[in-house]
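Examining the three-dimensional arrangement
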Amino acid sequence: MKKGRIGKTAHFLVRFLPTQKKTFETAIVVSSKKVKKAVLRNRIRRRVRALLALTLPEHGSPCYDVVVFASEKFKTAPFEILKKELSYLFSRLSHAHGK
């Protein structure tokens, strides 16, 4: 995924790569070095999945590979702020690839 675009906010780093596939492929990365407890890492992954379920349908073509890295600050952030940030990143990155 070296050729894709990267977007960053206070709570996310998103790598975004257009592909020839007909579906989104997503990966969620939460560092065990930054978030020590597995329970918290899993909670963060669930929150990111919920955010992706709300955000992906709004942003068009499903022909992308997406890797979402959640930062350490993610665990205390309000859901609405996270949703706005992720939506902003997807709109910025998808328009950059000529959606």
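Computed from a prediction, not measured in an experiment: that's the story for all the values here.

Looking at the sheet that holds strand S4 (residues 64-70)
- Overall, mixed pairing links the 4 strands, which are arranged S1-S2-S4-S3 in an open sheet. The sheet is open, and its two edges are formed by strand S1 (5-8) and strand S3 (25-29), each paired on a single side. Within this sheet the neighbouring strands show an average axis-to-axis angle of 15°, counted without direction.
- Here S3 runs beside S4; their pairing, made up of 5 bridges, is parallel. Bridging from a neighbouring strand, Ala-27 pairs with Val-67 of S4.
- Relative to the sheet, helix H1 (residues 38-55) contacts strand S2 (12-18), S3 and S4, its axis offset from that of S3 by approximately 150°.

Quick word on the environment of Ala-70
- The residue Ala-70 is located in strand S4 in this model.
- Apart from the residues within four sequence positions on either side, Ala-70 is in contact with His-11, Val-29, Val-30, Ile-44 and Val-48.

So, the pairing of S4
- Most of S4 is tucked away: 6 of the 7 residues are buried.
- In this sheet, S4 lies alongside S2 in antiparallel orientation, the contact comprising 7 bridges. The partner of Arg-15 across the bridge, within S4, is Val-67.

Definitions and limits used
- Residues numbered from 1 in each chain as written.
- Predicted model: local features only at pLDDT ≥ 70, side-chain atom pairs only at ≥ 80, totals over all residues.
- Heavy atoms only, no water.
- Pairing = 2+ DSSP bridges.
- Helix = DSSP H or I, 4+ residues; strand = E, 2+ residues; numbered from the N terminus.
- Axes fitted to C-alpha atoms, helices over the stretch in contact; angles between N-to-C directions.
- Contact = heavy atoms within 4.5 Å.
- Buried < 20%, exposed > 50% of the residue type's maximum accessible area, 1.4 Å probe, protein only.

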